[in-house]
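Spelled out, the chains give:
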Amino acid sequence: MLPFADADLLTDEGSKSDDREDSDLDCLSSSAVALEGPLMTECIFSSFFNVSAANSSRPVPGEEIPRKPDLTLLDNVEARWDTIKAVCELTSSAYKPSSTLAKTLDTKAYLLLKHQPWRQFALLISLCNGYRDLRVHLYDHSGGVISPCTNINQEPDRYLYILSCVVFGNLECIGYNTTISIFAHTLLQTLKTHSTCLLQNEGSSQDIAPTHSLGQIESTSPPPPPPQFESTSSLASTTPQIDLETEPTEDNTDEDDSSFPVEFPIEIPQDPLLEPLPEPIGKIWVNNHFYDILDIIFLRQGLVGHSTVCYHVRKNNEEFIIKDYWAIGGNKEALNEIKMMEKMKGIHGVPQLVKYWLVEVAPGKGTFCTHIRVVLKPWGRPLHKFCTKYKLLASVWDIVQIQKEAVEQCNVLHRDCSLFNAMIEDNGNGTHGMLIDWEFAVKILKNQSYTVGGTLHLKTPTDVLKLKGASSLRPHPPPLIKHCYQDNLESMFYVFIWILIEFRDPLGMKCILNKSHNWIPHEWSALKFKMCCDSKTSFFWHNEHYVKELTEQIHPYFKSLIPVVLDWYELMKNPKNVHFDNVLTVLNKHLADLPMNEPSPELLVSRRLLRALKEQDEKDEKEGPHVEEKSVQSVAGTLPGNKNKRVIDY
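Residues numbered from 1 in each chain as written. Predicted model: local features only at pLDDT ≥ 70, side-chain atom pairs only at ≥ 80, totals over all residues. Heavy atoms only, no water.

Asks: Looking at this model, I keep getting lost on the packing of helix α14 (residues 543–553) against helix α15 (residues 562–573). Mind explaining?
Replies: Contact geometry for α14 and α15: axes closest at 10 Å, N-to-C directions at 155 degrees. Judged by the angle between their axes, α14 and α15 are roughly antiparallel. Handedness of the crossing formed by α14 with α15: right-handed. On α15, the residues that touch Asn543, Tyr546, Val547, Leu550 and Thr551 of α14 are Ile562, Val565, Leu566, Tyr569, Glu570 and Lys573. (Axes fitted to C-alpha atoms, helices over the stretch in contact; angles between N-to-C directions. Helix = DSSP H or I, 4+ residues; strand = E, 2+ residues; numbered from the N terminus. Parallel < 35°, antiparallel > 145°, perpendicular 65-115°, else oblique. Left-handed = near helix turned anticlockwise from the far one by under 90°. Contact = heavy atoms within 4.5 Å.)

Here you go:
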């Protein structure tokens, strides 16, 4: 166990006198204990969980939400949220569901599941009422449960038994799945990009959390630096920036000669197609076959949900995608995606089903959720990791064409077009768009009415009760909504806008947005469903306002794609004109105007970096050395590593 306990909990002098971080378990010598006399409760847990005062006020690194567990269980590695196995929280107060202890347990369970998506559940322990009352808190992606209280005075054997099982039991006892393993020495790279970051302080983090992935868990850290926009924009930034005159050259015909702001830190992206094959970071089991995990393509963040994770895997020198998720319903409902993909076999851009596996979770017990793994090929990367603007728009055209063929040839409606379901496939014949995740796809009905989310297709209350393990407390079927292919086209339009605003360069380079501004994608992802609906209705109703907002909010790198956005926007405003052929015509028109030959992402960003450094040097020479020192400090102050995060446990 690695310590993050408050210093005032330490009553043993051996622990107090040892200032070393991550001290060994034998830091409490028998002589020190003998001097103290009979062991107090705090002393027992200090030795049992290896407590050190060095970490008493320091949050676990690598996360926007600064939190420090009191006690943690982990191997002999650095304490990070991707290495912590279990958490224990201590308080002298009595436990209440509305207390700050309950809230901090929810937060830390979220952080464990966020950074370890391969877990079945997260296990936490609370010691309350003077550390005498023990409760076990278990969280998975369907919610959380709390065990009855175990008092150390009334049930000492049971109290010790629970702690012994947590510390000395096998990994399944604390939530790990034996059918998947992540190598300890590769944990740090599993949730980070492979890009190299320049002009960045040592120890700073480039992990930028999705804007609304935190749900009701709020971060107390200061907001990231505001985005860089052209001087004509109303979204002026206070962050130091260098305006560069980008002169067109033979291999830079796509950039105009307007000023292009440089954002710090500058990352040099790495094209995965040009890099050597990565080393495995773990192994995953599907139908008695192991696959080497090369990377995590996508994971669904949040405490409650389907816990969807897409892995990039390899077996026998062939690369695949494994989708690991929980489907609502039993085996029949879980196989909905399998049936739909078999029905669309032959449509270019729909991944080929290799195999699937209904993971055995609780034999003989009914459940409303089923754990399933699906092996797909070919392997692809998310749409926002495009190489050029032409390939981005061409892939969008392909995905619209995929949906058209699915509707017209197979009578199948996808219903789940999102940022991470739209992908790019790179094979020997060029780049193509690909649409994955057909879990919510349905056979098109005349009334176009389907269940809200999920894969349950229930018609009467009797159908609900027929489900294995169903309860009479669920007497009514889920509500129905109307959904047609025009809704899919609208979703694809939102995905396109999202990329142009939230990203600033090829290969998934994220744009740091000022959270104080009303960005269009943020309005679409509000916490309340009604607010999302109202914002999208307003988006198409207030024409002049949103044309101006789109023009200003789209990152300058995508300036040449603004005409595509405005034409598509005008088309989407009139539902009568929203048809596959109309959208494809708009995309075709602008594809013909885009240059196919653009500089590589590495060359593009490297050239921008060199120009920025050159102009900064020239400016410093004119203004003197004291200005140069002030400029360096100013730029360094904008880096993520210099945030003064305050540790707050609520």
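Asks: What am I meant to see in the confidence of the model for the chain here?
Replies: In low-pLDDT regions, the fine details of the predicted coordinates are not to be read closely. On average, the chain scores 75 in pLDDT, and the residues at 70 or more come to 68%. Counted against residues more than four places away or in other chains, residues 362–367, with its pLDDT under 50, gives 5 contacts. In the predicted structure, residues 454–475 sits below a pLDDT of 50 and forms 43 contacts with residues beyond four places in sequence or in another chain. (pLDDT = per-residue confidence, 0-100.)

Asks: I'm lost on the sheet that holds strand β22 (residues 430–435) in this one. Help?
Replies: Hydrogen bonding along the main chain pairs the strands of a sheet, whether they run parallel or antiparallel. Strand order in the open sheet formed by 3 strands is β19-β21-β22, with antiparallel pairing between adjacent strands. Of all the strands in the sheet, the pair left with one neighbour each is β19 (381–382) and β22. On the sheet, helix α9 (residues 389–410) packs against β21 (422–427) and β22 and is oriented at approximately 45 degrees with respect to β22. (Pairing = 2+ DSSP bridges.)

Asks: Explain the pairing of strand β6 (residues 143–146) to me, please; I cannot follow it from the model alone.
Replies: Working note: regular strand, side chains alternate between the two faces of the sheet. With 4 bridges joining them, strand β5 (residues 133–140) and β6 adopt antiparallel strand pairing. Paired with Asp140 across the strands is Gly143, a residue of β6. Linking β5 to β6, which pair antiparallel, is a turn of 2 residues.

Asks: Please clarify how the environment of Arg80 should be interpreted in this entry.
Replies: Relative to the elements of secondary structure, Arg80 occurs in the loop between β2 (71–73) and β3 (86–90). Taking C-alpha positions, Arg80 is 5.7 Å from Val60, a pair spaced 20 residues apart along the chain.

Asks: What exactly am I supposed to notice about the side chain of Asn151 here?
Replies: Inspection of the secondary structure assignment puts Asn151 in strand β7 (residues 150–151). Judged by its relative accessible area of 12%, Asn151 falls in the buried class. A distance of 2.8 Å separates a polar atom in the side chain of Asn151 from the backbone nitrogen of Asn153. From its side chain, Asn151 meets the backbone nitrogen of Gln154 in a polar contact 3.3 Å long. Residues within four places of Asn151 in sequence aside, it is in contact with Arg132, Asp133, Pro156 and Tyr159. (Buried < 20%, exposed > 50% of the residue type's maximum accessible area, 1.4 Å probe, protein only. Polar contact = N/O pair within 3.5 Å; in protein donor to acceptor, adjacent residues only side chain to side chain.)

Asks: Got a minute to help me understand helix α4 (residues 100–115) in this structure?
Replies: Count 3.6 residues to each turn of an α-helix, and residues three or four apart come out pointing the same way. For α4, spanning 16 residues, the distance from its first C-alpha to its last is 23 Å, which sits close to the expected 22 Å at 1.5 Å a residue. Most of α4 is tucked away: 13 of the 16 residues are buried. (Expected span 1.5 Å × (residues − 1).)

Asks: Just checking my understanding: could you explain the nonpolar core for this structure?
Replies: For soluble globular proteins, nonpolar side chains are generally found buried alongside one another. Residues Leu383, Trp438, Met492 and Phe496 are the most contacted members of the largest nonpolar core, which totals 85 residues. In terms of residues, this core owes the most to one element, α9, which gives 11 residues. In this view, Trp438 contacts Asn336, Glu337, Met340, Met341, Met344, Val350, Pro351, Ile402, Ala406, Val412 and His414; residues no more than four positions away in its chain are not counted. Counting 36 residues, the second-largest nonpolar core is a separate cluster that includes Val136, Leu163, Val166 and Phe320. (Core = buried A, V, L, I, M, F, W, Y, C linked by side-chain atoms within 4.5 Å.)

Asks: I tried to follow the pattern of salt bridges on my own but got confused; where do I start?
Replies: Should the charged atoms of two oppositely charged side chains come close, the side chains can pair. Taken as a whole and assessed by the stated rule, the structure comprises 21 salt bridges. For the salt bridge of Asp82 with Arg80, the shortest nitrogen-to-oxygen distance reads 3.0 Å. The same class applies to Asp82 and to Arg80, which are both buried. With a shortest N-O distance of 2.3 Å, Arg381 and Asp426 are connected by a salt bridge. Of this pair, Arg381 sits in strand β19 while Asp426 sits in strand β21, and the two are 45 residues apart along the sequence. Arg381 sits in the buried class, given a relative accessible area of 3%. (Salt bridge = Lys/Arg side-chain N within 4 Å of Asp/Glu carboxyl O.)

Asks: What am I meant to see in the environment of Ser491 here?
Replies: Of note, Ser491 is situated in helix α11 (residues 485–502). A residue is classified by how much of its surface remains accessible, and Ser491, at 24% relative accessible area, is partly exposed. Residues Ser491 and Asp416, 75 residues apart in the sequence, show an inter-C-alpha distance of 8.2 Å.

Asks: Please explain a negative patch on the surface as it appears in this structure.
Replies: Among the surface-exposed residues, Glu615, Asp617, Glu618 and Glu621 lie close enough to one another that they form a single negatively charged patch. Within the element layout of this structure, Glu621 appears in helix α17 (residues 601–623). (Patch = residues over 30% accessible without salt bridge, like charges linked within 9 Å, V, L, I, M, F, W, Y side chains within 5 Å. Areas by Shrake-Rupley, 256 points an atom, 1.4 Å probe, with all protein chains shown as cover. Lys, Arg positive; Asp, Glu negative; His and termini not counted. Charge placed at Lys NZ, Arg CZ, Asp CG, Glu CD.)

Asks: Is there a simple way to explain the sheet that holds strand β14 (residues 289–299) in this structure?
Replies: Strand order in the open sheet made by the 7 strands is β8-β13-β14-β15-β16-β18-β17, with antiparallel pairing throughout. The open sheet has two edge strands, β8 (180–182) and β17 (352–358), and neither has a second partner. For this sheet, the mean angle separating the axes of adjacent strands, direction not counted, is 30 degrees. In this structure, β17 lies alongside strand β18 (residues 369–377), joined through 6 bridges in antiparallel fashion. In the strand pairing of β18, Lys355 is matched with Val375.

Asks: Can you walk me through helix α13 (residues 529–541) in this structure?
Replies: Between its first and last C-alpha, α13 extends 19 Å over 13 residues, near the 18 Å set by a 1.5 Å rise per residue. The set of residues buried in α13 consists of Cys532, Ser535, Phe539 and Phe540. With its buried residues spanning 130 degrees around the axis, α13 presents them on a single face. Residues of α13 that are exposed and angled more than 90 degrees away from the buried face: Lys530, Thr537 and Trp541. Structurally, α13 contributes buried residues whose contacts are with α11, α12 (520–524), α14 and α15. (Arc of directions from axis to C-beta.)

Asks: Help me understand the packing of α11 against α13 in this model?
Replies: In helix packing, the relevant descriptors are the interaxial angle and the interaxial distance, both defined with respect to the helix axes. Put simply, α11 and α13 touch, their axes get as near as 14 Å, and they point 85 degrees apart. What the angle tells us is that α11 and α13 run roughly perpendicular. From α11, Glu490, Phe493 and Tyr494 reach across to α13, where they touch Lys536, Phe539 and Phe540. In terms of residue class, the contact of α11 with α13 is built from 4 nonpolar, no polar and 2 charged. (Nonpolar A, V, L, I, M, F, W, Y, C, P; charged D, E, K, R; others polar.)

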